[in-house]
Amino acid sequence: MRSRTYKTDVAQLVALSDHRAPWLWAAAALALLALAPLVLGAFGLNLLITIFVLSIGVLGLNLLSGVAGQISLGHAGFLLIGAYAQAILTTDYKLPGLLALLLAGAVAALASLVVGVPSLRLKGLYLAITTLAFTFIVRHVVLFAEGLTRGSNGMPVEALSVAGFSFKGDQRFYYAALVMLVLAVLATLNLMRTRIGRAWLAVRDHDIAARAMGIDLMRTKLLAFMVSAFYTGVAGALVAAQTRFINVDTFSVLVSIEALAMVIVGGMGRVHGAILGTALIVLLPETLNLAFGAAGDGVKTLMADRIYEVKGLMYGVVILLFLRLEPEGLAGIWRKVKRFWVQWPLSQ
Amino acid sequence: MKQTFLAAAAAALLSFGAAQAQEVGVTATEILLGEVQPMSGPASLIGKAGAAGSKLAIAEINAAGGINGRKLRAIYEDDGYVPSRSVSAVKKLIDSDKVFALTGTTGSSHMVAMLPTIEEAKIPTIVHMAPNPAIVNPRRPTVFMIGPDYDLAGYVPMRYMVDKLAMKGGKFGILYQDDDFGKALLAGYQKAMKEFGLASVAEIPFKRGAKDFSAEVLTLKDKGVTGVYLGTLTTESAAVMSEFRRLDMKVTIATLWAGQLPAAVKLAAPAGYPYLIPDYYASNYDPAGQQLMELAKKHLSADDYANFNRYTVSGYVGTKVLAEGIKRCGAAVTRACVVDQLNKLQNFGTAGLTGPISFNNPKAQAVLPIKLFQTDPASATVKSLTDFIAY
Amino acid sequence: MDYFVNLVTSGLVIGALYGLVAMGFAIVYRATGMVNFAQGEVMMLIAYAAYSLSTIPGLPFWLLLPLVLAASVGLGLVIERLFIRPMLGEPMFSRVMVTIGLAVVIRSSVLLIWGVEPTAFPRPLGSEPLRLAGIALYPGQIFALVSLALLCVLMALFFSRSRIGIAMRATSDNETTALLMGIDVKRISGIAWALSAVFAAFAGLSFCLMFSLEPEISQMGLRGFPATILGGLDSVVGGAFGGLVIGVAENLAGGYLGRGLKEIAGFVLIVVVLMVKPYGLFGQREIERV
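What counts as what
- Residues numbered from 1 in each chain as written.
- Chains lettered and ligands numbered in written order.
- Predicted model: local features only at pLDDT ≥ 70, side-chain atom pairs only at ≥ 80, totals over all residues.
- Heavy atoms only, no water.
- Helix = DSSP H or I, 4+ residues; strand = E, 2+ residues; numbered from the N terminus.
- Rg over C-alpha atoms; globule rule 2.2 N^0.38 Å.
- Contact = heavy atoms within 4.5 Å.
- Lys, Arg positive; Asp, Glu negative; His and termini not counted.
- Charge placed at Lys NZ, Arg CZ, Asp CG, Glu CD.
- Core = buried A, V, L, I, M, F, W, Y, C linked by side-chain atoms within 4.5 Å.
- Buried < 20%, exposed > 50% of the residue type's maximum accessible area, 1.4 Å probe, protein only.
- Salt bridge = Lys/Arg side-chain N within 4 Å of Asp/Glu carboxyl O.
- Polar contact = N/O pair within 3.5 Å; in protein donor to acceptor, adjacent residues only side chain to side chain.
- Nonpolar A, V, L, I, M, F, W, Y, C, P; charged D, E, K, R; others polar.
- Expected span 1.5 Å × (residues − 1).
- Pairing = 2+ DSSP bridges.
- Axes fitted to C-alpha atoms, helices over the stretch in contact; angles between N-to-C directions.
- Parallel < 35°, antiparallel > 145°, perpendicular 65-115°, else oblique.
- Left-handed = near helix turned anticlockwise from the far one by under 90°.
- Phe/Tyr/Trp six-rings, centres within 6.5 Å; stacked < 30°, edge-to-face > 60°.
- Lys NZ or Arg CZ within 6 Å of the ring centre and 35° of its normal.
- Buried area = accessible area lost by both parts, 1.4 Å probe.
- Disulfide = S-S within 2.5 Å.
- Arc of directions from axis to C-beta.
- Patch = residues over 30% accessible without salt bridge, like charges linked within 9 Å, V, L, I, M, F, W, Y side chains within 5 Å.
- Areas by Shrake-Rupley, 256 points an atom, 1.4 Å probe, with all protein chains shown as cover.

(A) Main features of the overall build of chain C. Broken down by element type, chain C carries twelve helices and two strands. Counted from the first residue to the last, chain C has its helices and strands arranged as α-α-α-α-β-β-α-α-α-α-α-α-α-α. Here the C-alpha atoms of chain C give a radius of gyration of 19 Å, agreeing with the 19 Å that 2.2 N^0.38 yields for 290 residues. Principal axes of the C-alpha set define a box for chain C whose edges measure 55 × 50 × 35 Å.

Structure follows, in structure tokens:
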């Protein structure tokens, strides 16, 4: 049981957690993840990299939708912008990798103003559809600006290289992705504790009331969009550096919906929810693959031709079950498990 | 602590390596192949047919005793026609499943996305479904491509319209998809326009997945088009031709090889236009195609047989070609040997399903001759107008 | 001039299809405040079921249509009872996600049962275009236009004259007061979903009579969104109007501007309109109490 919240100096006030246990657990988790490349093959590493990189994007979406309450169906557009920015800057302009990553995020953040400005007038689902329109428009612009983006042919992307060290190959890129994720998580945790983070929560709960309390709605909402787009732009840039080839189909509208699913299944507004949600949605098809493989040849030949539709069906069923049985998402389950663990043997 | 762990791991790997004298994916009794196909999503018809063709070839080879005593087995991964999933799928096949070779490589931009992984693994790969020039420019040492350049699909029918249908004075138009595939068709069409000095009055792009072509067709009518190339697939072609009929347009229509699919022919039949189709594989109605369908009835499931089309033929041919390379290596089957044998392949016959296949050229691309077909809307079938001709 | 008239006519036809889908979205939103992301998939399921029904030998069209409508009413009620009602009280995000999960389940099930190959849908109304005053239209296209017009009139009457319609308006205004006035709110929700399925049935049948039976029918759900937004999420007749406007705008953009601008014409239009009228052309302004 934890107690002891007596703080004596500023450093203690600002620290993310006042107990040592969370730090030790985090360090252990990081150490475990750092050892993964020694154990997993390229396929497993690829999965983990996908989870890390998408988590960064989902953290961004979570900030916008879960914390600030602005629904966005347009994050595929920011992913696309970030990816193409990274591709163009590193391949055509030969900029250093880290600078390109940051610029990719910045470009996406600027582009988010296109959706952010309407958000000041629109609410709820009207805003959601406007963000959806944004995705389609971005896609069209990419195809239109052939001179810059090579249009429908797609673009090859240089491997990420920082200060001369190349992150080519899954093993090396894994560490780059892990570091970026850790930075993103730390940034988010801190953001949510600042004034702007609390302003976002107020706007989510009731924006007119927040305004009445003195929060500048325009600045708060626009900042939410820009920060969220920055995260997502960086995530898109990392996807480009990982897959080394992008085209307009890399991020379809379905990706936006999948991203929302990750936020909701994980638990809205929670950082660990975003990561857990992403991990679940990414691993779901693979788990189903394993389950079907283990079910034996009889099941396989029975459904040989329709196996892909069956998998799609199971995917939808799992999401429905989740929503029905645990609406607070994985973060809710985590919380319940943690409480059970902490209160044992007195837990209900 | 970490040092001892690493040392132990290294020792384990080395000893494992020493015991494993066999090549990856090859055992004394079996050779494991892998395919990445779009078996769900928008291109599922194509992916399933390609996989079925491969299954057919494997069943036929295994029924005859396998290759030099080893049977073939294949693992099919679905990428849902999304390039990032193709990369993930091919990594699984190479690293987890440890396949010997790849015989299915999904769509064109997907293959380009998979190339770095394939090159790094040095795995023999046959590309038979989406012959994208970027795959062999530059030549990848272990990749072999079957199929002529895409732009011939746009060039051949237009040339036929001029040579055999005396349409030199007509006005031409093209409807093409806004992706690399559509652009290649446009390039072929423009080549024909330039070569024969034809008047091209309408070059209209459209977004994949569009259903309503009324505006595009009205533009074609407005410009007075008499010969049109449709870079559309199955249901889209049918929708366009239905619009042509509604507006009572007298046009000569050509489309690409996907127009040969029985589903496409049936859907377009009510519009009543006998359209031209170039292809480098036999159709369901050619004697060679019919013969293969007989084989399919024996070995494939009812669904796969009902879905038999030129992509089934494509999958069949791709696997047969790889099997030939494996056969020529005799008992010692290694990736290096198969690549070597395939590099020397010349005039490999496929019993009339396609032209003779040769990889002994700088790009290791079997540039195949093209046949021109025409549909018969009254019976919803396809008949061949020419034989396989090299352009 | 002929070119322009033809573009507008074709635009109205495809707009009718968008409008039918939009009306389905609108009625669910009006009664329950949520968007049904599975509308396209419901349309797909009904279309495929109609196809199977049509293969029953000797079944004439005037008997097929009521059967299909009855089936869609049943489908709407079942979906509401099984998937939507248990989620009452949950946050809006979760309720909307349920429709997304439902969409995936329905689409996979349809493909599982009927397969992925596109099939020709029978043409019970004939397959020759009808020519009048220089314009030619297929019977299927006329069916779409007539259905839209008819349903608009019926809906306008429904909401202003019938008891259930007025009850629905009351429920969407203020649920608690409606309950106090004796309205069975749960029943209203079920009726709204049933009606939405009926719209989906007309939309699905129109699609099949105009084009063919194919898995891409479900994409029409997404394509109908701009129409709903333009007309106002909670205005059923507004959705129909929005659909027609978007259809015509798309076709005019395609005919005069070309270069693939047709696809985003609709989206650009709604962004512009929303800037001026944030609740769509006919939507009701939501007044929030703080």
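Past the structure itself, the notes keep going.
(B) Spotlight on the overall build of chain A. Per the secondary structure count, chain A includes 16 helices and four strands. What you see for chain A is a C-alpha radius of gyration of 21 Å, in line with the 20 Å of a compact globule of 348 residues. Long-range pairs, those at least 24 residues apart, make up 74% of the contacts in chain A between residues at least 6 apart in sequence. Both charge centroids of chain A, one from 28 positive and one from 17 negative side chains, sit 9 Å from each other.

(C) Just the nonpolar core, in detail. With 317 residues, the main nonpolar core has Phe244(B), Val321(B), Ile357(B) and Met168(C) as its most contacted residues. Beyond its immediate chain neighbours, meaning those up to four positions away, Val321(B) contacts Ile126(B), Ile146(B), Leu342(B), Leu345(B), Phe348(B), Ile357(B) and Phe359(B). One finds Phe245(A), Val36(B), Ala89(B) and Val90(B) within the second-largest nonpolar core, a separate group that totals 23 residues.

(D) Structural context of the interface of chain B and chain C. Facing the 28 residues of chain B at the interface are 31 residues of chain C. Our count for the contact surface shared by chain B and chain C stands at four salt bridges. The interface formed by chain B and chain C includes eleven residue pairs in polar contact (both at pLDDT 80 or more). Those elements that provide at least two residues to the side of chain B that touches chain C are helix 2 (44–63), helix 7 (214–222), helix 8 (234–246) and helix 9 (262–268) of chain B. The biggest single contributor to the side of chain B that touches chain C is helix 8 of chain B, with seven residues. Class assignment for the residues of the side of chain B that touches chain C results in eleven nonpolar, eight polar and nine charged.

(E) Here's a closer look at helix 8 of chain B. Here helix 8 of chain B is 13 residues long and its end C-alpha atoms lie 19 Å apart, about the 18 Å a rise of 1.5 Å per residue gives. The buried count for helix 8 of chain B comes to 13 of 13 residues, which makes it a mostly enclosed element.

(F) Main features of the pairing of strand 5 (residues 143–146) of chain B. Residues and elements named next belong to chain B. Both faces of strand 5 are covered, namely the face carrying Val-143 and Met-145 and the face carrying Phe-144 and Ile-146. Sheet analysis places strand 4 (residues 125–127) next to strand 5, joined by three bridges and oriented parallel. The residue of strand 5 that forms the bridge with Ile-126 is Phe-144. Summarising the sheet, strand 5 and strand 11 (residues 365–366) pair through two bridges and their orientation is parallel. By the bridge assignment, Ile-146 is partnered in strand 11 with Ala-366.

(G) Quick peek at the pattern of salt bridges. Here the structure, examined in full by the defined rule, presents 24 salt bridges over all chains. Between Lys262(C) and Glu216(B) there is a salt bridge; the shortest N-O distance is 3.1 Å. Note that Lys262(C) is positioned in helix 12 (residues 262–276) and Glu216(B) in helix 7, a pairing that runs across two chains. Arg246(B) is the partner of Glu243(B) in a salt bridge, and the nearest nitrogen-oxygen pair spans 3.0 Å. Residue Glu243(B) and its partner Arg246(B) are located together in helix 8, separated by three residues, close to a single helical turn. Judged by its relative accessible area of 6%, Glu243(B) falls in the buried class.

(H) Summary view of the packing of helix 3 (residues 61–84) of chain C against helix 4 (residues 92–114) of chain C. Residue and element names in this part refer to chain C. Following both chains from N to C, one finds helix 3 and helix 4 inclined at 125°, their axes separated by 11 Å at the closest point. As judged from the angle between their axes, helix 3 and helix 4 are oblique. With respect to the hand of their crossing, helix 3 and helix 4 are arranged in right-handed fashion. Across the interface between the two elements, Ile-79, Phe-83 and Ile-84 from helix 3 touch Val-98, Thr-99, Leu-102 and Ile-106 from helix 4. Split into classes, the residues belonging to the contact of helix 3 with helix 4 amount to six nonpolar, one polar and no charged.

(I) A look at the environment of Thr177(C). With respect to the secondary-structure elements, Thr177(C) resides in helix 7 (residues 175–180). Along the primary structure Thr177(C) and Val146(C) are separated by 31 residues, whereas in three dimensions their C-alpha atoms are 37 Å apart.

(J) Examining the packing of aromatic side chains more closely. Taken as a whole and assessed by the stated rule, the structure comprises 20 aromatic pairs over all chains. Aromatic pair Phe144(B) and Phe359(B): ring centres 5.1 Å apart, planes at 50°, arrangement tilted. With Phe144(B) in strand 5 and Phe359(B) in the loop between helix 13 (335–343) and strand 11, this pair connects stretches of sequence that are 215 residues apart. Counting every residue linked through ring pairs, the aromatic cluster contains Phe52(A), Tyr174(A) and Tyr175(A). Over the ring of Tyr76(B) we find Lys55(B), and its NZ or CZ is 5.5 Å from the ring centre.

(K) Fine view of the interface of chain A and chain C. Listed per partner, the contact involves 40 residues of chain A and 47 residues of chain C. Where chain A abuts chain C, roughly 3,900 Å² becomes buried across the two surfaces, and 79% of that area is made up of carbon and sulfur atoms. Where chain A packs against chain C, one counts zero salt bridges. Taken together, chain A and chain C are joined by one residue pair in polar contact (both at pLDDT 80 or more). Looking at the side of chain A that touches chain C, the elements that each hand over two or more residues are helix 6 (124–144), helix 10 (207–212), helix 12 (253–266) and helix 15 (307–325) of chain A.

(L) Structural view of the pairing of strand 12 (residues 371–376) of chain B. Residue and element names in this part refer to chain B. Within strand 12, five of the six residues are buried, which leaves the element mostly enclosed by the surrounding structure. By the bridge criterion, four bridges tie strand 10 (residues 276–279) to strand 12 in an arrangement that is antiparallel. What sits directly across from Pro-278, in strand 12, is Leu-372. Linkage of strand 12 to strand 13 (residues 381–384), two consecutive antiparallel strands, is achieved through a turn of four residues, within which Ala-380 is found at a positive phi near 55°.

(M) Looking closely at the state of the cysteines. Residues and elements named next belong to chain B. Scanning the model with the defined rule gives one disulfide over all chains in all. Put simply, Cys-329 and Cys-337 are joined by a disulfide, and their sulfur atoms are 1.9 Å apart. Here Cys-329 and Cys-337 share a disulfide; its torsion about the S-S bond, -115°, makes the bridge left-handed. The partly exposed category is assigned to Cys-337, whose relative accessible area is 21%.

(N) A look at helix 6 (residues 163–173) of chain C. Residue and element names in this part refer to chain C. Listed in full, the buried residues belonging to helix 6 are Gly-165, Ala-167, Met-168 and Thr-171. Angularly, the buried residues of helix 6 cover 160° about the axis, an arc narrow enough to put them on a single face. Those residues of helix 6 that are exposed and aimed more than 90 degrees away from the buried face are Arg-163 and Asp-173. Elements that come into contact with the buried residues of helix 6 comprise helix 1 (2–32), helix 5 (139–161), helix 7 and helix 8 (185–210).

(O) Structural view of the environment of Met39(B). Mapping Met39(B) onto the fold places it in the loop between strand 1 (30–37) and helix 2. Here the alpha-carbon distance between Met39(B) and Thr106(B), two residues 67 residues apart in the chain, equals 9.4 Å. Each residue touching Met39(B), except ones within four places of it in the same chain, is listed here: Tyr308(A), Glu309(A), Ser44(B), Gly47(B), Lys48(B), Ala51(B), Tyr76(B), Glu77(B) and Asp78(B).

(P) Spotlight on a nonpolar patch on the surface. Residue and element names in this part refer to chain C. A contiguous nonpolar patch, built from Met-1, Phe-4, Val-5, Tyr-256 and Leu-257 and spanning about 540 Å² of accessible area, is present on the exposed surface. Relative to the helices and strands, Val-5 resides in helix 1. Given the relative accessible area of 31%, Val-5 is considered partly exposed.

(Q) Highlighting unusual backbone geometry. Here the residue pair Trp344(A) and Pro345(A) is connected by a cis peptide bond, since its omega of 0° sits within 30 degrees of zero. Checked against the element boundaries, Pro345(A) lands in the segment after helix 16 (329–343). Residue Pro138(B) follows Asn137(B) across a cis peptide bond; omega there is 10°. Residue placement: Pro138(B) occurs in the loop between strand 4 and strand 5. Despite not being glycine, Arg244(A) has its phi angle at roughly 60°, a positive value. Within the secondary structure, Arg244(A) sits in the loop between helix 11 (217–243) and strand 4 (245–246).

(R) Highlighting the packing of helix 3 of chain C against helix 8 of chain C. All names here are of chain C. Two elements in contact, helix 3 and helix 8, have axes separated by 7 Å at closest approach and are oriented at 135°. Classified by the angle their axes make, helix 3 and helix 8 are oblique. Every pair of crossing elements has a handedness; the one defined by helix 3 and helix 8 is right-handed. When helix 3 is examined against helix 8, the residues Leu-65, Val-68, Leu-69, Ser-72, Val-73, Gly-76, Leu-77, Ile-79, Glu-80 and Ile-84 are found in contact with a partner set consisting of Lys-186, Ser-189, Gly-190, Trp-193, Ala-194, Ala-197, Val-198, Ala-201, Phe-202 and Leu-205.

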